[in-house]
Every structure is written in structure tokens, then in C-alpha cells.
Amino acid sequence: MAAATMLACWVASGRVLSRSPVARTPGSALRCLAGAHTFERAAERIEFVGSFSNWTSMPASRLPEIALFGRSNVGKSSALNCLAGRSRTKVARVSKTPGCTTAINLYRAGNVCTVCDLPGYGFAKRGKELQEEWGRAISDYVAEREQLRVMVAFVDPRHGPKDNDANFFAWLRDFKIKDARLITVATKVDALKPNEVEGRLLELQAAYGLREMPLPFSSVTGAGRSQLWRAIEGAAD
């Protein structure tokens, strides 16, 4: 199935342009300004830069960029607040209503990296035209954003594999995104019994054709926070 068709499935319907990703500058070169600061320590200084309708309106940056993907209501905003170490003053808005992230939200963590929170997919109540617009914007972003280094895909292990998640990972493979730059994270593991976690993660790994088991993560308890930052930093090199 063509990349455009896969992404159309991901956002429910519509035609999306697909292109080969641009040649990207090595992460180590982009990170030359970071000095001795680690990503995790820099995250404590994370701040909101702005919301953008497409990648062309986003400010240029020499810092490596981390993009956050996932279904609506998978917990991306809560995960971002957890990664930033924010328990009270939130850096990202959290809503109980799916589909609230309707633009490309950009954050900056000091002089170390930028973080891009992309609109969630799979929320049927959003109109077809808007879903098509999101699909085009995200496809263009992945293809053209030169400083994109790491793609973090959030999945919910509580309810088993989902078709729109499967379509997303299939689209990534067809888009020729190297797995070395993809990190899959299983959110909300605090809602599972301890003896259920590994089995659920192995199930998602098999269903989505992942090379590695998703990283367990909880925005409630902070479990997996340091491990995720280390994985991101390693993948950004």
C-alpha cells in the first residue's frame, strides 16, 4: 500500500502527498551547541515556542528535534509534562477530550533540543477535511523538517493493538524512516497489573512489527522518564 494511502487510513480518509525524506545533518553535528548538558536536565527548562499549521511556518533551528506521535487521547501531552518534570505548572495543555491538539506545537529545551507535539490521529469526530489537512501537514513535516532526529510514537497497551496504530507504523515503514530513529512508548502502564505489562508490550511489538518492545512509561508515576530521555539522546546522535 502506498505511503499516501496509509497515512490517509491513519487520519481516517483523504489524499496525502508522500515524499522521500530529505538528507539530514548528523545529530552529533546539530548537537554541537549542547555542550555537556544532557537532554533530561535540559528538559527542566523546556518552554513553549508556538503553534504552527505546517512546517514552513516553523522557526529554523540548529538543534536536534524530537517529534511526538500517537492516537488522540493516548497521553502525549501528559507525557510531555512528565518528561519536562512539570507536576504543577504544565508546559502542555492536557484535556480529557480527544483531538484537542490541532496544530504543530513546538517546544524548546534550552540549547539542547526542540520537541514537536503533532496532532493526534484516529479521532473520528474531527471532520474529514480537517483530518486531511492534518495528514498533509504531518507528512510534509516528516519529509521536509531537516532537524528531525527522533520520532517517539506513543501507544496505549491497555486495550490491545489498534488498526490506526498499525496503519501509522506501516506508513512509517513505507516512508523509509529508519527504525534507529523511532522509539515506541507504551503509556499508562500504571493502569495495568505488574504481571500484565510484559505480555501486553510483547503483543504490541508483534502486532506492529517493531524491532524492540515498547518502552513502558507512566505520566502518573514517572516510571520510564529517565529511560526514555536516555533513549532519545542516544537516537539523536
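Quick caveat: nothing in here was measured; it's all calculated off a predicted structure. (Residues numbered from 1 in each chain as written. Predicted model: local features only at pLDDT ≥ 70, side-chain atom pairs only at ≥ 80, totals over all residues. Heavy atoms only, no water.)

Now for the confidence of the model for the protein. For the protein, the mean per-residue pLDDT works out to 79, and 71% of the residues sit at or above 70. Segment residues 29–37 is flagged for pLDDT under 50; beyond a separation of four residues in sequence, or across chains, it makes 18 contacts in the model. (pLDDT = per-residue confidence, 0-100. Contact = heavy atoms within 4.5 Å.)

Moving on to the pattern of salt bridges. If charged atoms from side chains of opposite charge come close, those side chains can pair. Tallying each qualifying case throughout the model produces five salt bridges. Of the charged contacts, one joins Asp165 and Arg71 as a salt bridge, the two residues approaching to 3.1 Å between their closest N and O atoms. Taken together, the residues Asp165 in helix H6 (residues 163–174) and Arg71 in the loop between strand E2 (65–70) and helix H4 (76–83) connect sequence positions 94 residues apart. Residue classification places Asp165 among the buried positions, given a relative accessible area of 1%. For Arg71, a relative accessible area of 15% gives the class buried. (Salt bridge = Lys/Arg side-chain N within 4 Å of Asp/Glu carboxyl O. Helix = DSSP H or I, 4+ residues; strand = E, 2+ residues; numbered from the N terminus. Buried < 20%, exposed > 50% of the residue type's maximum accessible area, 1.4 Å probe, protein only.)

Pairing is mixed in the open sheet, where seven strands are placed in the order E1-E3-E4-E2-E5-E6-E7. If you trace the sheet from one side to the other, it starts and ends with strand E1 (46–52) and strand E7 (215–216), each paired once. Of the pairings in the sheet, the one linking strand E3 (residues 104–109) to strand E4 (residues 113–117) comprises five bridges and is antiparallel in character. Considered in E4, the bridge of Asn105 is made with Asp117. The sheet strands contacting helix H8 (residues 225–236) are E2, strand E5 (148–155), strand E6 (182–186) and E7, and the helix crosses E5 at an angle near 145°. (Pairing = 2+ DSSP bridges. Axes fitted to C-alpha atoms, helices over the stretch in contact; angles between N-to-C directions.)

Extensive coverage of E6 is indicated by the burial of five of its five residues. Alternating residues of E6 divide into Leu182, Thr184 and Ala186 and Ile183 and Val185, and every residue in both groups is buried. As paired strands, E5 and E6 are joined by five bridges and run parallel to one another. Note on E6: the bridge partner recorded for Phe154 is Val185. Looking at chain direction, E6 and E7 are connected through two bridges and run parallel.

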